[in-house]
Structures are given as C-alpha cells and as structure tokens.
Amino acid sequence: MAERKSIADLQLHEDLAHERREWKLQRIGWVLWALLLLAALLGLLGHGPLSDNTARDAAGLASVRHQRFERYEAPSHYDIEAAPAAAAGDVLTLRLERPVLERLELERFEPEPLHVRADGDALLFAFARSPQRTTRVRVFFRPQRFGTLRARIGVGAARVQFNQFVYP
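Residues numbered from 1 in each chain as written. Predicted model: local features only at pLDDT ≥ 70, side-chain atom pairs only at ≥ 80, totals over all residues. Heavy atoms only, no water.

**Q** Any chance you could explain the sheet that holds strand 7 (residues 91-97) here in plain terms?
**A** Strand-to-strand pairing in sheets goes through backbone hydrogen bonds, with the strands running parallel or antiparallel. Judged by pairing direction, the sheet is mixed, and its six strands sit side by side in the order 5-13-12-7-10-9 without closing on themselves. Edge positions in the sheet fall to strand 5 (69-71) and strand 9 (115-119), since each has one partner strand and no second. Adjacent strand axes in the sheet meet at a mean angle of 30 degrees when their direction is disregarded. Of the pairings in the sheet, the one linking strand 9 to strand 10 (residues 122-128) comprises five bridges and is antiparallel in character. Following the sheet pairing, Arg117 is matched in strand 10 by Leu124. (Pairing = 2+ DSSP bridges. Helix = DSSP H or I, 4+ residues; strand = E, 2+ residues; numbered from the N terminus. Axes fitted to C-alpha atoms, helices over the stretch in contact; angles between N-to-C directions.)

**Q** So what exactly am I meant to see when it comes to the sheet that holds strand 4 (residues 62-67) here?
**A** Sheet architecture is open: five strands sit in the order 3-4-6-11-8, paired in antiparallel fashion. The sheet is open, and its two borders are formed by strand 3 (52-56) and strand 8 (104-110), each paired with just one other strand. When strand polarity is set aside, the average angle formed by the axes of neighbouring strands in this sheet is 25 degrees. Here strand 8 runs beside strand 11 (residues 135-143); their pairing, made up of six bridges, is antiparallel. The partner of Arg108 across the bridge, within strand 11, is Phe140.

**Q** Looking at this structure, how should I read the packing of aromatic side chains?
**A** The description of an aromatic ring pair uses the distance of the two centres, along with the angle that the planes make with each other. Considering all chains together, one arrives at seven aromatic pairs under this definition. Geometrically, the ring pair formed by Phe109 and Phe125 is tilted, given 4.5 Å between the ring centres and 35 degrees between the ring planes. With Phe109 in strand 8 and Phe125 in strand 10, this pair connects stretches of sequence that are 16 residues apart. The class for Phe109 is buried, based on a relative accessible area of 8%. Accessibility expressed as a relative area gives 5% for Phe125, which makes it buried. Considering the side-chain rings of Phe165 and Tyr167, the 5.1 Å spacing of their centres and the 80 degrees angle between planes classify their relative orientation as edge-to-face. When its relative accessible area of 22% is taken as the criterion, Tyr167 is described as partly exposed. (Phe/Tyr/Trp six-rings, centres within 6.5 Å; stacked < 30°, edge-to-face > 60°. Buried < 20%, exposed > 50% of the residue type's maximum accessible area, 1.4 Å probe, protein only.)

**Q** Would you mind showing me how to read helix 1 (residues 16-42) here?
**A** Within an α-helix, residues lying three or four positions from one another point in the same direction, as the helix has 3.6 residues per turn. With 27 residues, helix 1 should reach 39 Å at 1.5 Å per residue; the first-to-last C-alpha distance of 39 Å fits that figure. Just downstream of helix 1, Gly43 is the residue with a positive phi angle, here 105 degrees. (Expected span 1.5 Å × (residues − 1).)

**Q** Just to check I follow, could you spell out unusual backbone geometry for this structure?
**A** Negative phi characterises most residues that are not glycine, and trans characterises most peptide bonds. Of note, the amide linkage connecting Glu110 to Pro111 takes the cis form, showing an omega dihedral of -5 degrees. Residue position: Pro111 is located in the loop between strand 8 and strand 9. Unlike most non-glycine residues, Glu73 shows phi in positive territory, near 60 degrees. Here Glu73 is to be found in the loop between strand 5 and strand 6 (76-82). Judged by relative accessible area, Glu73 falls into the partly exposed class, the value being 40%.

**Q** Explain the pattern of salt bridges to me, please; I cannot follow it from the model alone.
**A** Summed over the entire model, instances satisfying the criterion amount to ten salt bridges. Where Arg138 meets Asp79, a salt bridge forms, and the shortest distance between an N and an O atom there is 2.5 Å. With Arg138 in strand 11 and Asp79 in strand 6, this residue pair connects regions lying 59 residues apart in the sequence. Notably, a salt bridge pairs Arg136 with Glu81, separated by 3.1 Å at the nearest N-O pair. Highlighted residues: Arg136 in strand 11 and Glu81 in strand 6, separated in sequence by 55 residues. (Salt bridge = Lys/Arg side-chain N within 4 Å of Asp/Glu carboxyl O.)

And the structure:
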C-alpha cells in the first residue's frame, strides 16, 4: 500500500513493494533482450556458427553446406561438392526437386550450368566437371515461404537430404 511521506514541502506517495516488483520485471526484461541478442549473434535467427551445417549423402560422395535457419527473402546460398565418383563422364547433374523449387527463388549458379532440363517434378542442371577433382557448385537463392523446408538435392548419383527453417 502506498504511504504518504513528507520531504521538505513535498508530499510523496511511495509503494516500495510495487517498485521492487517493477525493478524485478525490468531485470528480467534486460536478461531476455540479452539472450535474444546472443541467439542472433550465434546464428539461431539467421546466419551464424549455430546455423552452419553440412549435409552429406550416405556414401559420402556429395555434400551440401547450408544454413539451418534462413530469413524470408534474404539472399543465401548452398555450397555443393561432389567427389569424382559421384558422376560418370565429364558432366555432373544437379537435381532440384519440387519442394526446393516451390520454396526458393533461384537467382544464379557459380559456375553457370551447361544446360537445364525438366524431369517430372524436378529440374536437372548439368555442370562441367573434371574426373580427377572434386566439383564445386554454388547455388544462390532467396527463400519465398516461411516454415520448414525438407530439401532433397540430387548430386550425380547421390542424394543429399536436410532441413531448413525459414523465419518471417
């Protein structure tokens, strides 16, 4: 309950119990803001050390470096690597299936594909490769939908699966 206190000519109402509750809530708020900032810096809200991930196929022939957490319409990329045994001949085929194509806006590839063709619910991108060296492809994109993306990317004969979460 507020009590009336006189200091010089001023009459003040003070409720120390209410003020202590307010100070406690204020400290809790500061801790929550600090935790949110730390989570953002570590990558739980986008790119960062806790978001970095590499998915591999069962045989270890191909890998996809990606972020576990993405932001809606923020630029991002996949780094795809294929061992020489992942494909036959001098062409590596990258297969992007419907769930990936529906949820991502593909912007460009490095290097550029030799050609692109449709195969049912997927697009096949052909890249030149050296039979003796690992082939690397970077796919630039922007997420176009919120929520969990269950991606499956074909790299030559290998299939790499991983999940990403897209924040609004």
